[in-house]
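So the chains spell out like this:
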Amino acid sequence: MSGLNNQVLEDGILGYSTNDDCSVFTIDEKHKIIQSVDFFTPIVDDPFEFGRIAAANSLSDIYAMGGKPLFALNIACFPSNELPLDILTKILNGGISIAKKAGIPILGGHTVRDSEPKYGLVVTGIVEAGNELRNSQAKAGDVLILTKPIGSGIISTAIKQGKATKEMINDVIKKMTTLNLDAAESMKDLPISACTDISGFGLLGHLNEMCQSSKVSAVLNFNKVPFMEGVYELAQNGIIPGGTIKNLKYIEDQIDFSDIFADYQKLMLSDAQTSGGLLISIPKKYSEKLIERLKSNNSICYKIIGQLYKKAEKSIYVQ
Ligand code: CO
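All values derive from a computational prediction rather than experimental measurement.

(A) Main features of the overall build of the chain. Broken down by element type, the chain carries 10 helices and 12 strands. Against the 2.2 N^0.38 benchmark of 20 Å for 319 residues, the chain shows a C-alpha radius of gyration of 19 Å, consistent with a compact globule. Referenced to the eigenvectors of the C-alpha coordinate spread, the extents of the chain come out at roughly 55 × 55 × 45 Å. Sorting the 319 residues of the chain into buried and exposed places 52% on the buried side. In the chain, the share of contacts with a sequence separation of at least 24, taken over all contacts with a separation of at least 6, comes to 85%. Carbon and sulfur atoms make up 50% of the accessible area of the chain, which totals about 15400 Å². Of the side chains in the chain, 32 bear a positive and 36 a negative charge, and the two mean positions are spaced by 3 Å.

(B) Main features of helix α3 (residues 152–160). Burial of α3 is extensive: 8 of the 9 residues sit out of reach of the surface. Elements in contact with the buried residues of α3: α4 (166–176), α7 (231–236) and α9 (263–270). One or two residues past the end of α3 sits Gly-162, with phi positive at roughly 65 degrees.

(C) Structural view of the coordination of the cobalt ion. At 2.0 to 2.1 Å from the cobalt ion lie its protein donor atoms, namely Asp-21 (OD), Asp-61 (OD) and Asp-197 (OD). Here the donor residues of the cobalt ion share one chain and are spaced in sequence as D-x39-D-x135-D. Of this pair, Asp-61 sits in helix α1 (residues 47–64) while Asp-197 sits in strand β7 (residues 194–197); the two residues are 136 residues apart in sequence, bridging distant segments of the chain. Note on Asp-61: relative accessible area 14%, which makes it buried.

(D) Main features of the pairing of strand β6 (residues 142–146). With respect to burial, β6 is a largely interior element, 5 of its 5 residues being buried. Inspection of the sheet shows β6 paired to strand β10 (residues 278–283) by 5 bridges, in the antiparallel sense. Along β10, the bridge assignment pairs Val-143 with Ile-282.

(E) Seen up close, the sheet that holds strand β9 (residues 255–257). If you trace the 7 strands from one edge of the open sheet to the other, you get β7-β10-β6-β11-β8-β12-β9, paired in mixed fashion. In the strand order of this sheet, the two ends are held by β7 and β9, each with one partner. With strand direction ignored, the average angle separating the axes of adjacent strands in the sheet is 20 degrees. The strands touched by α1 are β7 and β10; relative to β7, the strand with the most contacts, the crossing angle is about 175 degrees.

(F) How the structure looks around the pattern of salt bridges. Scanning the model with the defined rule gives 8 salt bridges in all. Residue Glu-132 is joined to Lys-32 by a salt bridge in which the shortest nitrogen-to-oxygen separation is 2.7 Å. Taken together, the residues span a long stretch of sequence, with Glu-132 in the loop between β5 (118–128) and β6 and Lys-32 in strand β2 (residues 31–40) at a distance of 100 residues. Look at Lys-32 and you get buried, because its relative accessible area is 12%.

(G) Representation of the sheet that holds β5 within the structure. On the basis of which strands lie adjacent, the open sheet formed by 5 strands has the order β1-β2-β5-β3-β4 and mixed pairing. The open sheet is flanked by β1 (23–26) and β4 (106–113), the only strands paired with a single partner. Across the sheet, the mean angle separating the axes of adjacent strands is 20 degrees when strand polarity is ignored. Its contacts with the sheet put α1 on β2, β3 (68–78) and β5, and the angle it makes with β5 is roughly 25 degrees. Most of the contacts of helix α2 (residues 85–102) go to β3, to which it runs at about 170 degrees, and overall it touches β3, β4 and β5.

(H) Focus on the packing of aromatic side chains. Taken as a whole, this structure holds 6 aromatic pairs when the rule is applied. Both rings, one in Phe-222 and one in Phe-261, keep their centres 5.1 Å apart while their planes meet at 45 degrees; by these two values the pair is tilted. Of the two residues, Phe-222 is situated in the loop between β8 (216–220) and α7 and Phe-261 in the loop between β9 and α9; the sequence distance between them amounts to 39 residues. A relative accessible area of 3% means that Phe-222 is categorised as buried. These aromatic residues form a ring-pair network of at least three members: Phe-222, Phe-227, Tyr-232, Phe-261 and Tyr-264.

So, how was this worked out
- Residues numbered from 1 in each chain as written.
- Predicted model: local features only at pLDDT ≥ 70, side-chain atom pairs only at ≥ 80, totals over all residues.
- Heavy atoms only, no water.
- Helix = DSSP H or I, 4+ residues; strand = E, 2+ residues; numbered from the N terminus.
- Rg over C-alpha atoms; globule rule 2.2 N^0.38 Å.
- Buried < 20%, exposed > 50% of the residue type's maximum accessible area, 1.4 Å probe, protein only.
- Contact = heavy atoms within 4.5 Å.
- Areas by Shrake-Rupley, 256 points an atom, 1.4 Å probe, with all protein chains shown as cover.
- Lys, Arg positive; Asp, Glu negative; His and termini not counted.
- Charge placed at Lys NZ, Arg CZ, Asp CG, Glu CD.
- Donors = N, O, S within 2.8 Å, 3.2 Å for Na, K, Ca; no water.
- Pairing = 2+ DSSP bridges.
- Axes fitted to C-alpha atoms, helices over the stretch in contact; angles between N-to-C directions.
- Salt bridge = Lys/Arg side-chain N within 4 Å of Asp/Glu carboxyl O.
- Phe/Tyr/Trp six-rings, centres within 6.5 Å; stacked < 30°, edge-to-face > 60°.

Quick look at the structure:
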């Protein structure tokens, strides 16, 4: 976005210039409006499930920012000349079912005719001033906790190539439609240093953004990183999305991989996620409390996957 002739913003307003999950707009001393938009083409065949995934994905940035969603608008593209409108209804109903889970209404939206279906939400939320979670405040001594396993990009590619089993498909849908709401609730009143959600840039990409903007370095333990069922084997067999390969290329020179890792393992850590989990950076002494809460809130994952240190030559050291 470096080519944009954007305005210089006042204090308390965050736009393109930072790598945060939402734009932030201060409305008064106590409250900030946060907003995020995302939409994409179907990654599963079932239109209702696609709607659920897209909605959960769009809501995720609000939770990653420590905020509470208020309402959403639909944004959709649909080839109404070629596909029955009933499919669009199913997609939108999927979105509504997830919005209900999040406790918010969908108040309107806009659909345009397009050759390929696309769907997502514009989500508006609110956060109390001082409670917003940035990704630039992570500190040396923090530990890193990830709340969903990695691999939705690799599994989605396997689905497209007809190489995913029924179990894999059901499992990835379950994970992508799980809201980050409970994980976000678990962070309440704990001294969280930084938080972001894992999406298109993959675990390494989003961790790299957090490290660079916080001026720290991370040690990531490959064996502690949770992966979805089947991801290891699929990656080993070269079933990797193009976006994941680009992700790794883009950040490779800022990462030091221990010699034991093969290329497919590096790609697993770079896998572009849809509706991924939260990556939370918290001082070590508070991590047990957070893990306890994640566990009691039935979080899918709650293990420590790495630790932050003073800024070193590389941004991330993978061991
Ligand atoms: Co995000």
